[in-house]
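Reading the structure
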Amino acid sequence: MSEDKRLDVIDDYDTLNMKKTLFDKVWDAHVVKEVKDGPQVLYIDKHLIHEVTSPQAFAELEQRGIPVFRPDQIVATADHNTPTVDQHLPVKDVLSRNQLAQLTENCKKNNITLYGLGHKYNGIVHVMAPELGFTQPGMTMVCGDSHTSTHGAFGTIAFGIGTSQVAQVFASQCLLLQKPKSLRVSVNGTLKPGVLPKDVILYIISKLGTNAGTGYFCEYAGNVFEEMSMEGRMTVCNMSIEMGARGGMIAPDETTFEYVKGREFAPKGDEFDKKVAYWKTLPTDEGAIFDKEYHFDAADIEPMITYGTNPGMGIKISENIPTENNASFEKSLAYMNFQKGQSLINQKINYVFIGSCTNSRIEDFRVAANFIKGKKKADNVTAWFVPGSQQVAQQIVQEGLNHVFENAGFKLRQPGCSACLAMNDDKIPEGEYCVSTSNRNFEGRQGQGARTILASPLVAAATAIEGKIIDITKQLN
Amino acid sequence: MDKFVKLTSSAIPLPIENVDTDQIIPARFLKATSRDGFGENLFRDWRFQKDGSPNEDFVLNKTIYQGSILVAGDNFGCGSSREHAAWAIHDYGFKVVVSSFFADIFKGNALNNGVLPVQVSPEYLKKLLTEVEKEPNTQIEVDLEAQKITIVHTGVSSDFEINSYKKTCLINGYDDIDFLISNKAEIEAFENA
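About the criteria used
- Residues numbered from 1 in each chain as written.
- Chains lettered and ligands numbered in written order.
- Predicted model: local features only at pLDDT ≥ 70, side-chain atom pairs only at ≥ 80, totals over all residues.
- Heavy atoms only, no water.
- Contact = heavy atoms within 4.5 Å.
- Buried area = accessible area lost by both parts, 1.4 Å probe.
- Salt bridge = Lys/Arg side-chain N within 4 Å of Asp/Glu carboxyl O.
- Polar contact = N/O pair within 3.5 Å; in protein donor to acceptor, adjacent residues only side chain to side chain.
- Helix = DSSP H or I, 4+ residues; strand = E, 2+ residues; numbered from the N terminus.
- Nonpolar A, V, L, I, M, F, W, Y, C, P; charged D, E, K, R; others polar.
- Core = buried A, V, L, I, M, F, W, Y, C linked by side-chain atoms within 4.5 Å.
- Buried < 20%, exposed > 50% of the residue type's maximum accessible area, 1.4 Å probe, protein only.
- pLDDT = per-residue confidence, 0-100.
- 1 Å grid on protein atoms, 1.4 Å probe; cavity = no way out; pocket = protein on both sides within 12 Å on 5 of 7 lines; lining within 4 Å.
- Points joined across faces, edges and corners; volume = space filled by probe spheres on them.

Interfaces are often sized by the amount of accessible area the parts lose when they come together. On the chain B side, the residues contacting the 67 residues of chain A number 54 residues. Interface area, chain A with chain B, both sides summed: about 5,000 Å², of which 56% is carbon and sulfur. Along the contact surface separating chain A from chain B lie 8 salt bridges. The shortest N-O distance in the salt bridge between Glu191 of chain B and Arg70 of chain A comes to 2.7 Å. Applying the counting rule to chain A against chain B returns 30 residue pairs in polar contact (both at pLDDT 80 or more). Of all the elements in the fold, those that place two or more residues in the side of chain A that touches chain B are strand E1 (31-34), strand E2 (40-43), helix H3 (55-64), helix H4 (94-109), helix H6 (163-172), strand E8 (174-177) and helix H12 (327-336) of chain A. For the side of chain A that touches chain B, the element with the most residues is H6 of chain A, which contributes 7 residues. Of the residues in the side of chain A that touches chain B, the class split is 24 nonpolar, 29 polar and 14 charged.

Core analysis: the biggest nonpolar cluster contains 109 residues, and Phe43, Phe76 and Leu116 of chain B have the highest contact counts within it. Sort the elements by how many residues they give to this core and helix H16 (residues 457-466) of chain A lands first, with 7 residues. Contacts of Phe76 of chain B, omitting those with residues within four sequence positions, involve Val19, Ile24, Phe43, Leu70, Ile89, Val97, Ser99, Phe101, Phe102, Ala103 and Phe106 of chain B.

This next bit is on the confidence of the model for chain B. Per-residue confidence for chain B averages 95 on the pLDDT scale, and 100% of its residues sit at or above 70. At the level of chain-chain contacts, confidence expressed as ipTM amounts to 0.94, with global pTM at 0.95.

Further remarks concern the layout of surface pockets. Of the pockets and cavities examined, the largest pocket occupies roughly 990 Å³. Looking at the largest pocket, it is lined by 35 residues, and the ones nearest its centre are Gln178 of chain A together with Asp104, Lys107, Leu111 and Asn163 of chain B. Put simply, the parts of the chain that give the lining of the largest pocket at least two residues each are H6, E8 and strand E10 (216-221) of chain A together with helix H4 (104-111), strand E5 (116-119) and helix H6 (164-172) of chain B. It is H4 of chain B that contributes the most residues to the lining of the largest pocket, 6 residues altogether. A class-by-class count of the residues in the lining of the largest pocket yields 17 nonpolar, 10 polar and 8 charged.

Here you go:
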């Protein structure tokens, strides 16, 4: 649908005095038709794919003799099982190598652009797509990966899908969906020093739990998000799925337009101006009704860490682990080898991971470098610093951050999902704790028997220097 | 896709909350390029010891529990979008998963693979778990047409929700691709509007 047509629809809302949410406006502009007593046919603007969740979808289409309908609207990258060292050499693991070769072959056969291993645009799908300008406000985007919610930072409806749905989008550029309910989380006030976007979202999830958002699309509102950079907004939206919400969105504003402007695949010149005029109509109308609303005070948020085996099990770094009598809670603590009521300050940590689609953008490495500068890595720590994309890796060098890391005893690795899900060789050994900037602390997520503690890049950097968890707030105030 | 109309079976109890997709199928098993064989590694790290021998304490290894219905704790299937989780459950032989709450993406993936997610109240889930744990051969009837689940010997039943479109798909074994492709003219008209 053209921008003019979409602007007409927005005008109609005004004429009829209909109060719409950001989510409503974008969703409604993509409904092709409604099935009677059933789902809606939703048009998808951009489809991102990677090696792990696409092969079975390609196979299904081929088996049924169905062509890929809109190959130009698909972008492919290799990220989930790629090695983060020696990317110029053939991938050692046979199964990973096959899966990557399959992606290359499928993209070639179907005329899909692939930014494979070693390409200057290669990277984690949710890092490379925004930085190349594929992600734009008002779009619908999907990917066979639950952290597709990241792109909602641009005021985009973006969500993860299963492989059967990947095949559906291949075949028709559409999905059959029930419109989710709407949820708004507002955070207003002033954040304390050292409180990063990651802390804000870990705080929200710790308050709401891992399924508060199930069945909903979430909008984040309030001055805290308005004042955040695009990188910060992406970190927040990325973890929407960890409270069950299929996606999270933030209203597009000047920060958004400024970020998109000039990017490789972003609209240029008059076309860009025309888009901006439409994007400006997207923010939620005053008085629009949400199905559910939550409000938080920014001043109550502190640097956060998790102590359990789901992202909702988070505490302020200076707090003690809660005491709950429930079998699932106890099973979780037993896995982590923590006690009820225990403090995590001074907990020895041997592994630190800075990376993943949550926190592997340039700002995250700036935060880490800023803390690390002039200090030395603790001897007991093995740290993996994994940039989210080739472009981030390059910028780290341009800004000289690599020297900061090297002087402190750290080595940068090559881009990929890495130890976030440990599909490649970047696995945390059994029984070891890892302070990680990733998004999931599930049992075995970072390797069989590995124990994950989620945190911000600042807390991760501090842990890597100290070799243990410290109360970072003491150093900041 | 397999059809699903009605099923009567004993069930396997898994009273753990927040069973995430990394437990259902760990990421290291996602390297296959076909949909087959994932059942072998269903709940891999709970089901097997590090040396590959079965963990006798895990319910799937207790031979007294058999059947094609999995009864699980709240918020089943949270985490990643990997459809491999639904494939693993299907491949292992489950046709129904019962819980008091399902994560969105998992629920959709299950439905797209002929596995019926049956959401019941926490109270009914508790009843079901108690019966099954007390008497492993307890028969459970799941009737999709009537949208009803029943503990056969007590007759205690509960209704469950499913959207009418997905219900029709399951009863007839249809999938969404056929439907979407049949709408191509409208999709093209939308693109050109």
